[in-house]
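Observations on the three-dimensional arrangement
Now for the letters of each chain:
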Amino acid sequence: MAFNHLPAAMHDALGPLSVMPVTHSVPMAKNHRPSQPPENGSSRPSPAVVLDRLAAGASRAARITHTEHLPPREGSHATWPDRIRPEVVAAIGRAGIDHPWTHQATAAGYALDGESVVIATGTASGKSLAYLAPVLSALLDGSQAPNGRGATALYLAPTKALAADQRRAVKALAEPLGTAVRPAVYDGDTPVEEREWVRQYANYVLTNPDMLHRGILPSHPRWASFLRALRFVVIDECHTYRGVFGSHVAQVLRRLRRLCARYGSDPVFLLASATAARPSVAAGHLTGLPVREVADDASPRGEMVFALWEPPLTELHGERGAPVRRTATAETADLLTDLTLQGVRTVAFVRSRRGAELVSVIAKERLAEVDRSLPGRVAAYRGGYLPEERRALERALHSGELLGLAATTALELGIDVSGLDAVVIAGYPGTRASLWQQAGRAGRSGQGALAVLVARDDPLDTYLVHHPEALFQQPVESTVLDPDNPYVLAPHLCAAAAELPLTEADIALFGPAVPELLPQLEAAKLLRRRATGWHWTRRERAADLTDIRGGGGRPVQIVEEGTGRLLGTVDESAAHTAVHEGAVHLHQGRTYLVRKLDLRDSVALVEEAVPPYSTTARDTTAIAVLETDTEIPWGGGRLCFGSVEVTNQVVSFLRRRLITGEVLGETKLDLPPRTLRTRAVWWTVTEDQLDAARIGPEILGGALHAAEHASIGMLPLFATCDRWDIGGVSVPLHPDTLLPTVFVYDGHPGGAGFAERAFRTARAWLTATRQAIASCECEAGCPSCIQSPKCGNGNEPLHKRGAVRLLTELLRTAPPDPGEGESRVGTAQGPPPGAPGAPSS
């Protein structure tokens, strides 16, 4: 029997702050819930006062487990390098900026020297201006060429919304420069009639890696004049390019560099990142070039109050009688309601599309009870909306028409939302980097800000709100990517060959795995070797071989059955879990039930309904070891890393009551299994170790299963992964190891580097896992420690005390962690984050 846990879909880094955080207790005041939000012009209350009002009352006050006070910081000015055109300096001055911050001037100097540079400073530190100054100066120089386009620049953003926002900012800043700077967005939303103008006349093109991969590079002859003049490539929010997505983007950038060389250009890369560990190393692996680093943040920052908030236990009971906490979604909706009524401009970050919609719906209902005009001041913002819906929400947010917003990470990525007072984060976002990136959206005008992290009912969130030092006294994670992953590299070699025949000279550019892959691509009749190199042999587009977001397959269209109206899309990889028959789907505050999922035609038919529940899919998994790359002894057992094949099937879904999370029932599903070849870490235990831990056959399965669930929940503390990026299986007797075994694997074809990170920090990772289970106040296990909402076995069996004894015995004989170093993962890791009390790796 296998007990398992698979990611729902394939999906999301800031660093230590420059001042040491100081623990600060906030006094609690009487409840304050006005009937109307104050006018925008009224003075803003301090973050401490806002938190004071939120926490009024004994029950609310008890939910705050820790408050961190980050004092304000003074800024440090410099002067622009004299090579920046005076017209550009004047335009910046007209925008109200007389002198740059020191890090802005330093980065601009590197760019003008022809050196690629990464600017890794905090949110709202002016990274955009640091790269725009040299870019605008170069474009102004190029405007004097006979064709008016002697220099061009390419801007890459991870989201369409960020590219659109940046275009607005560039257009406003460059207005005094007239037609010398011609910015234009080129993405899937760009009308066909505008695209030819962009190719022929725009000199600052803003796009995303997806469009570069599918639209620009395959059509490079039509972009010849643009690529020939390319001086700068700007990569914004580059810390988001990690895992499989980051590995794909790294290969897309290598294809871009290859075509630029073909047209005689050698662009300088300018990267902007949230504060991250070893940003120049990560940027170097992303671009394949040496990159200078600017990481000393010289911008001022207002005061920040950061509260950790744990929802209370309810009187309800979950599976096997486990206690149930109030959901983070309901708690976040309440906080968003109260902040809106205080007139506090707030963004609530929610991890899922459905969650963002639900927070918005609940907040609107609560606000309507106070005043029917207030629900219009709150909205949801997420991916999957149609272009016109996204743009309307962005305009309303910029204008101040919206006071509260429930958003997914589509809004996390750098959109310039000035004037926000507070951020509520519904659940730990997976990395400290994303946590600080989201928290930094508030206080962007240099004023004070409030951030509240609301814990979900799972092991990692519960651990963090009771161990604040793991958040506030640890460095951020390094970025993990693996461009040599053959599942990533192979389709990009085909795409590159379709653009220009591959030659021996290209092998160094694309990496050491190329010589092994080329014969395989020839054997598969994808490439053919001729005297001039390797050629693409098929009629279809090579760029369509892969989805760089890691999803693969055609997106599934969500269509309203009665009208035929397209509501949105969902990745094919997520369809089994998100839009299975009977699933609840939320869109723009309206609730729909999925009536049919047609996998052949990639369509989910839905109809509007108002069910009193949400749905969560469950799956089962089997795993086989294909190859063991590395293994080390752990006492009598072994810790291993290698390749595995995972077979997964979504088997049922749970219906949970809204607000409370109470389980109402389970419905079986009949969906086909899916197979995944990936990378995994696994550990075995011997009979002697089981005897020492007092683990008999009757509790062995439950102890392994509980340890597996908790270890999956804790891994995001040690790797830049989301809990749903990884999966796990535990088996009392595995046919390949012939021992009790626990597997944790990457939920992406070919791996994403997360399992290798787990292998290299295994002692610290499993120590924190043991600590999380042992310190939980429940009796026999709950969602805060060993239960998983995705478990296809219904969280049965689980044995909490057995898991603690098993991990204690395993760790008793564990050697030091294997260390970091340069590994198969494309980025050498910085110091592991570790958990308080855990041995350092």
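We now turn to the structure provided with this report. Here the structure is a predicted model, which is why all the values come from computation and not from measurement. (Residues numbered from 1 in each chain as written. Predicted model: local features only at pLDDT ≥ 70, side-chain atom pairs only at ≥ 80, totals over all residues. Heavy atoms only, no water.)

Notes on the sheet that holds strand E8 (residues 230-235)
The following threshold applies: When DSSP finds two or more bridges between two strands, those strands count as paired. Comment: elements are numbered from the N terminus, with helices defined as DSSP H or I runs of at least four residues and strands as E runs of at least two. For helices, the fitted axis covers only the stretch in contact; all axes are lines through C-alpha atoms, and the angles between them, taken along N-to-C directions, range from 0 to 180 degrees.
Read from one edge to the other, the open sheet built from seven strands follows the order E6-E7-E5-E8-E9-E4-E10, with strand pairing classed as parallel. A strand with exactly one partner marks an edge of an open sheet, and here the two such strands are strand E6 (183-185) and strand E10 (292-294). Between one strand axis and the next, the sheet turns through 15° on average, direction left out of account. As paired strands, strand E5 (residues 152-156) and E8 are joined by five bridges and run parallel to one another.

Comments concerning the packing of helix H16 (residues 459-466) against helix H23 (residues 697-714)
Convention followed: Each angle gets one of four labels, with under 35 degrees taken as roughly parallel, over 145 as roughly antiparallel, 65 to 115 as roughly perpendicular, and the rest as oblique. Should any heavy atoms of two residues lie within 4.5 Å, those residues are counted as being in contact. Polarity classes work like this: nonpolar for Ala, Val, Leu, Ile, Met, Phe, Trp, Tyr, Cys and Pro, charged for Asp, Glu, Lys and Arg, and polar for all others, with Gly in that last group.
Where H16 contacts H23, the two axes come as close as 7 Å, and the packing angle between them is 60°. The angle between H16 and H23 places the two elements in the oblique class. Along its contact with H16, which presents Pro459, Leu460 and Tyr463, the element H23 presents Ala710, Gly713 and Met714. Among the residues forming the contact of H16 with H23, the class breakdown is five nonpolar, one polar and no charged.

What to know about the sheet that holds strand E23 (residues 584-587)
Backbone hydrogen bonds are what pair the strands of a sheet, in a parallel or an antiparallel way. What the five strands build is an open sheet, ordered E22-E21-E25-E24-E23; its pairing is mixed. In the strand order of this sheet, the two ends are held by strand E22 (566-570) and E23, each with one partner. In this sheet, adjacent strand axes meet at a mean angle of 35° when their direction is disregarded. Examined bridge by bridge, strand E21 (residues 556-560) and E22 share four bridges and lie antiparallel to one another. Across the sheet, the residue bridging to valine 559 is leucine 566, located in E22. The sheet strands contacting helix H13 (residues 353-370) are E22 and E23, and the helix crosses E23 at an angle near 65°.

Things to note about the packing of aromatic side chains
Applicable threshold: When two rings of Phe, Tyr or Trp (its six-membered ring) have centres within 6.5 Å they constitute a pair, described as stacked for plane angles under 30 degrees, edge-to-face for angles over 60, and tilted for the intermediate range. Charges are assigned to positions over rings by a cutoff of 6 Å between ring centre and Lys NZ or Arg CZ, combined with an angular limit of 35 degrees from the ring normal.
Scanning the entire structure with this criterion turns up eleven aromatic pairs. Their ring planes at 35° and their centres at 5.5 Å tell us that tryptophan 682 and phenylalanine 743 sit as a pair that is tilted. Taken together, the positions of tryptophan 682 in strand E29 (residues 674-684) and phenylalanine 743 in strand E31 (residues 741-746) put the pair 61 residues apart, joining distant regions of the chain. The ring of tyrosine 186 carries arginine 195 above its face, with NZ or CZ at 5.5 Å from the centroid. Positioned over the ring face of tyrosine 263 is arginine 262, at 5.4 Å from the centre of the ring.

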